[in-house]
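Survey of secondary and tertiary structure
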Amino acid sequence: MKVLVTGGAGYIGSITSAELLAAGHEVIVLDNLYQGHRAAVPPEATFVEADLADRGALARLFAEHPGIDGIMHFASYTLVGESMEKPFLYLRDNVVNAANLLEAAAANGVERFILSSTANLFDDPERMPIAEDERIVPGSPYGESKAMIERLLHWMERVHGMRYTALRYFNACGDTPGRGEDHDPETHLIPLVLQVALGQRDHISIFGDDYPTRDGTCVRDYVHVLDLAQAHILALGALDERGSSRYNIGNGEGYTVLEVIETARKVTGHPIPSIVGPRRPGDPATLIASSDALRRDLGWAPRHPKLEDIMASAWAWHQSHPHGYADSE
Ligand SMILES: NC(=O)c1ccc[n+]([C@@H]2O[C@H](COP(=O)([O-])OP(=O)(O)OC[C@H]3O[C@@H](n4cnc5c(N)ncnc54)[C@H](O)[C@@H]3O)[C@@H](O)[C@H]2O)c1
């Protein structure tokens, strides 16, 4: 298929683009390089530098690249904490950017759409692991923006017959030899811990150790970026037959912050000093995905479920790219 990947210069989008190409698809990447890196875009992909806020640029993209079969929409403001400080980057810009994309897609007859959604839809889960029928209580303007985009998709299907899959990722992590996680600012635990191992930070901060978990630190479900990429490709292939759906995606197993740090110590051989501080507002104690529906419907099975393997893949990339893509640009 001919697939438009928005945010394909970013972490998950670039790795999914590479996997799409390896699976024989044609890829057009749209990215404004706000967080992404030109060097992350696979050379076999067509790259269009444009902002989703620019409707003229979107119209030109679809005119110049007719026959797009499907869209994977990764491009977004992505930071929960930032969204509490600048809510309208999320409640307005994330939503309007998605609406611009969907309007152009519908005008050009695109029938398939995959959305990067989030576990931040579930701030106050009643059951663990979290299944798709859990009530949606966004934990931040970021999560709310994804909930709103899921609603846009509902109406795109009703009005235009566009089929969609919303994949609600839990914690994306891990890298591949050629592409990895390089955000500025970095807010994710695994790259931050590895920056300590590289000597770029003195210590890792732990936000609270008084949660009702096995060691008092927050529990999260870490899923390898390649397993996320696989889910996107399976979802795209299944849309015509199965129709629209929403899936939670994680390994179904949770690790505490202390367990992640301990795994990093084991993998890197570095002592990784840590300092415990107060809780961060808005962090639920435990978030673990039930991916039963994804496994059942699409035959998804994570190929890299072990935290140690995930950590080793990230450590390999961070060692070969200690300054991220600045080392290859
Ligand atoms: N990383 C995670 O753990 C995680 C978890 C849940 C959901 N998600 C979602 O997955 C998606 C990808 O996350 P990521 O970690 O790869 O983020 P990322 O920041 O690495 O990638 C996003 C890309 O989108 C681009 N972009 C942003 N705004 C744009 C715009 N207006 N026009 C064009 N391009 C724009 C950025 O330059 C960047 O390359 C996001 O939608 C994010 O909300 C990520």
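Values in this document were obtained by computation on a predicted structure and should not be read as measured data.

**Details of the environment of P125**
Turning to its location among the elements, P125 is positioned in the loop between β5 (112-118) and α5 (141-160). When the C-alpha atoms of P125 and L189 are compared, they prove to be 22 Å apart, with 64 residues separating the residues in sequence. Filtering out sequence-adjacent residues up to four positions away, P125 remains in contact with I130 and E134.

**Looking at the sheet that holds strand β12 (residues 255-256)**
Overall, mixed pairing links the 3 strands, which are arranged β12-β9-β14 in an open sheet. This sheet does not close on itself; its edge strands, each paired only once, are β12 and β14 (286-287). Two elements, strand β9 (residues 219-220) and β14, share 2 bridges in a ladder whose sense is parallel. Residue pairing in the sheet places V219 in a bridge with T286 of β14.

**Focus on the domain arrangement of the protein chain**
Domain annotation for the protein chain reports domain 1 (2-173 + 222-249) and domain 2 (189-220 + 252-327). Just the C-alpha atoms count here: the centres of domain 1 and domain 2 sit 23 Å apart. The partner domain 2 presents 25 residues to the 33 residues of domain 1 that form the contact. Of all the elements in the fold, those that place two or more residues in the side of domain 1 that touches domain 2 are α3 (80-85), β7 (171-173), β10 (222-224), α7 (225-242) and β11 (245-249). For the side of domain 1 that touches domain 2, the element with the most residues is α7, which contributes 8 residues.

**As for the sheet that holds strand β6 (residues 163-169)**
One open sheet holds the 7 strands; their spatial order is β3-β2-β1-β4-β5-β6-β11, and the pairing between them is parallel. Every interior strand has two partners, whereas the edge strands, β3 (46-49) and β11, have only one. Neighbour-to-neighbour, the strand axes of the sheet open up by a mean angle of 20°, direction not taken into account. As judged from the 4 bridges shared by strand β2 (residues 26-31) and β3, these two strands associate in the parallel manner. Looking at the pairing, I28 lines up with T46 of β3.

**A closer look at unusual backbone geometry**
A cis amide bond links M128 with the next residue in sequence, P129, at an omega value of -5°. In this chain, D184 is followed by P185 through a cis amide linkage whose omega measures 5°. Tracing the sequence through the fold places P185 in the loop between β7 and α6 (189-197). Phi angles above zero are rare outside glycine, and L33 is one such case at about 60°. In this structure, L33 sits in the loop between β2 and β3. Judged by the 15 C-beta atoms lying within 10 Å of it, L33 is partly exposed. Residues other than glycine seldom take positive phi values, yet I272 does so here, at roughly 45°. You can see I272 is positioned in the loop between α8 (257-268) and β13 (274-277). For I272, a count of 17 C-beta atoms within 10 Å corresponds to the partly exposed category.

Rules used throughout
- Counting from 1, residues in each chain are numbered in the order their sequence is written.
- pLDDT decides what is reported in this predicted model: residues at 70 or higher carry local features, side-chain atom pairs at 80 or more are listed and counted, and totals for whole chains, interfaces and linings draw on all residues regardless.
- Working definition: helices are DSSP H or I runs of at least four residues, strands are E runs of at least two. Numbering for both runs from the N terminus.
- Any residue pair is listed as a contact if its two C-beta atoms, each placed from the backbone, are within 7 Å.
- Here, any two strands with at least 2 DSSP bridges between them count as paired.
- Note that the domain bounds were set by an automatic or database domain assignment.
- Axis definition: a line fitted to C-alpha atoms, over the contacting stretch in the case of helices. Angles run 0 to 180 degrees between N-to-C directions.
- Put plainly, a residue is buried at 20 or more neighbouring C-beta atoms within 10 Å of its own, exposed at 12 or fewer, and partly exposed in between, counting only other residues' C-beta atoms, which are placed from the backbone.

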